[in-house]
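Tertiary structure, described
One-letter residues, chain by chain:
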Amino acid sequence: LQCVLEMGKPIKQAIAEVEKCELLCNYYLDNAASMMAPLHLASDARESFVAYEPLGVILGVMPWNFPYWQVFRFAIPAIIAGNCVVVKHASNVAGCAQLIEELFTEAGFPKGVYQNLLISGDQVKAIIEHPAIKGVSVTGSEKAGASVASVAASHIKKAVLELGGSNAFIVCADADLEKAIPVAVKARMQNTGQSCIAAKRFLVHRSLHDDFVMRYKDAVLKLKCGDPMDETTDIGPLARVDLAEQIEKQVNESVKMGAKIITGGRRNDAFYEPTILTGVTTDMPVFKEEIFGPVAAVLPFDNFEEAVKLSNGTEFGLGVQIFTEDIEGVKSKVHLFEEGAVFINAMVKSDPALPFGGVKKSGFGRELAENGLKEFVNVKTVYIK
Ligand code: NAP
């Protein structure tokens with residue numbers, strides 16, 4: 001309920017987010033002990049092994065878009081690896097931040113293992129500089145990531161950066177549109193489009209382009225927009241009015257440059273209509289920049305090589321989803337994508353069992369799975385002659 005009130009997430013999606021946090025806890029409950037066990041390695045020593053030890057106190061700087069999930073996916077593995085955490089959550093979800101701290105207390109964690117910091121972004125520098133802090137994990141914008149990582153680097157402290165994205169959704173000539181369309185709707189419109197891994201640019205083979213646009217429009221028009229407290233609502237308001245204004249600016253600028261609005265395109269206070277744009281070119285804001293709201297930019301392509309080039313044609317590298325009937329053929333081309341994740345015939349999503357993170361300006365380091373568990377550990381080599 002708190003995140004519905006603070007950032008307008010439709011309530012059924014808020015419940016799903018909480019359930020996903022439970023999934024993550026259960027995943028580490030089942031797997032962390034074996035992942036953290038010492039690893040024996042053969043060498044010229046009588047015995048040699050690697051021990052994984054905690055670093056100390058880790059700072060998390062977190063965003064508002066998935067106010068519970070983002071914090072859980074940082075804090076649970078960091079704590080299970082033996083660290084303590086302090087969390088600076090986004091200012092517009094201070095209530096969620098407080099609730100999470102209370103949850104850790106209620107669950108019986110010793111005092112101070114999880115601590116909420118009610119501070120502003122400009123106070124983060126002093127926290128990183130504190131000798132007790134041994135590392136920092138940021139999920140947020142490129143600007144916040146660059147600022148935090150440079151302070152951390154100047155004090156030789158480790159940073160993990162989970163930043164923005166502009167994932168492509170590639171529809172190959174042989175794709176099954178019946179299967180692709182519902183995924184295209186969810187991949188762009190979930191959380192009212194406010195997701196780093198949302199599909200933002202739809203690259204559709206020219207032979208399917210018009211059919212795709214028509215069916216996509218029909219499906220998008222079925223989404224129910226309105227009160228996030230209503231259990232049947234699919235699309236709520238953006239988290240803040242300024243965020244809706246930013247989307248309005250990016251869309252209007254793109255339309256001025258020649259993009260065509262197929263549906264949507266209007267703002268009402270913090271609400272922005274689910275929108276589809278065609279005639280998008282690579283120099284438009286809706287292609288070049290991250291659009292953090294319910295706006296899909298559609299472009300045609302003529303061959304796979306061109307699709308790869310378009311997909312790679314932003315400064316981000318979080319993930320890509322590709323729809324095709326030729327799974328083996330596309331599998332052999334996965335290496336061409338400058339991304340942290342390639343999903344075939346499914347939408348890019350995070351899964352506790354799979355590493356999550358980006359390349360290029362989407363950041364570095366990984367969360368989730370064994371990789372995430374071991375981001376903030378000392379990998380200690382032990383050699384016995
Ligand atoms: P944001 O403005 O960067 O804020 C994220 C967090 O950083 C907030 O806690 C914010 O605090 C803090 N912050 C902002 N500027 C800072 C600075 N200079 N120094 C230290 N801390 C600073 O991002 P947002 O608008 O909340 O989130 C949207 C962005 O996050 C999008 O780009 C999205 O793609 C990205 N994101 C990435 C992932 C991923 O896993 N890769 C996941 C979710 C979101 P205040 O709220 O107090 O300003």
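Report follows, based on the coordinates.

Considering the pairing of strand β7 (residues 158-162)
- Burial of β7 is extensive: four of the five residues sit out of reach of the surface.
- Summarising the sheet, strand β6 (residues 133-139) and β7 pair through five bridges and their orientation is parallel. In the strand pairing of β7, Gly-135 is matched with Lys-158.
- For the crossover that starts at β6, traverses helix α6 (residues 142-154) and ends in the parallel β7, the hand is right-handed.
- Two strands pair when backbone bridges link them, and β7 and strand β19 (residues 363-364) are joined in this way by two bridges, in the antiparallel orientation. Bridged to Leu-161 within β19 is Phe-364.

What about the site of the ligand?
- Among the 27 residues in the neighbourhood of the ligand, the closest are listed as Arg-73, Ser-91, Ser-141, Leu-163 and Glu-290.
- Between the ligand and Leu-163 there is a distance of 2.7 Å, counted from a nitrogen atom to a backbone nitrogen or oxygen.
- For the ligand, the protein covers 83% of the area, taking 910 Å² as the surface of the free molecule.
- Counting residues per element, the ones that place at least two in the shell around the ligand are α3 (69-80) and α6.

Quick notes on the pairing of β6
- Burial within β6 is extensive, with six of its seven residues counted as buried.
- Relative to β6, strand β3 (residues 57-61) is paired through five bridges, and the arrangement is parallel. Bridging across to β6, Val-57 finds its partner in Ile-133.

Quick notes on the packing of aromatic side chains
- Under the counting rule described, the total for this entry stands at 11 aromatic pairs.
- Ring geometry for Phe-104 against Phe-109: centres 4.9 Å apart, planes inclined by 55 degrees, an arrangement best described as tilted.
- Taking relative accessible area as the criterion, Phe-109 reaches 33% and is therefore assigned partly exposed.
- Taken together, the ring pairs in this structure connect Phe-169, Phe-202, Phe-212, Tyr-216 and Phe-323 into an aromatic cluster.
- Geometry around Phe-287 places Arg-201 over its ring, the cationic atom sitting 4.7 Å from the centre.

Looking at the environment of Tyr-216
- For Tyr-216, the position within the fold is in helix α8 (residues 209-221).
- For the pair Tyr-216 and Ile-100, spaced 116 residues apart in the sequence, the C-alpha separation amounts to 38 Å.
- Setting aside anything within four residues of it in sequence, one finds Tyr-216 in contact with Ile-181, Ala-184, Val-185, Arg-188, Met-189, Phe-202, Ile-276 and Ala-296.

Observations concerning the nonpolar core
- The biggest cluster of nonpolar side chains holds 80 residues, and the ones touching the most others in it are Phe-74, Tyr-114, Ile-170 and Val-280.
- A per-element tally of this core places helix α2 (residues 11-36) first, with nine residues.
- Setting aside its immediate chain neighbours within four residues, Tyr-114 contacts Val-71, Ala-75, Ile-79, Val-85, Val-87, Ile-100, Glu-101 and Phe-104.
- Counting 27 residues, the second-largest nonpolar core is a separate cluster that includes Ile-181, Val-185, Met-189 and Ala-199.

Cut-offs applied
Residues numbered from 1 in each chain as written. Predicted model: local features only at pLDDT ≥ 70, side-chain atom pairs only at ≥ 80, totals over all residues. Heavy atoms only, no water. Buried < 20%, exposed > 50% of the residue type's maximum accessible area, 1.4 Å probe, protein only. Helix = DSSP H or I, 4+ residues; strand = E, 2+ residues; numbered from the N terminus. Pairing = 2+ DSSP bridges. Right-handed = clockwise from strand over helix to strand, strands pointing away. Near = heavy atom within 4 Å. Polar contact = N/O pair within 3.5 Å; in protein donor to acceptor, adjacent residues only side chain to side chain. Areas by Shrake-Rupley, 256 points an atom, 1.4 Å probe, with all protein chains shown as cover. Phe/Tyr/Trp six-rings, centres within 6.5 Å; stacked < 30°, edge-to-face > 60°. Lys NZ or Arg CZ within 6 Å of the ring centre and 35° of its normal. Contact = heavy atoms within 4.5 Å. Core = buried A, V, L, I, M, F, W, Y, C linked by side-chain atoms within 4.5 Å.

Spatial relationships are all this shows, so hold off on functional conclusions.
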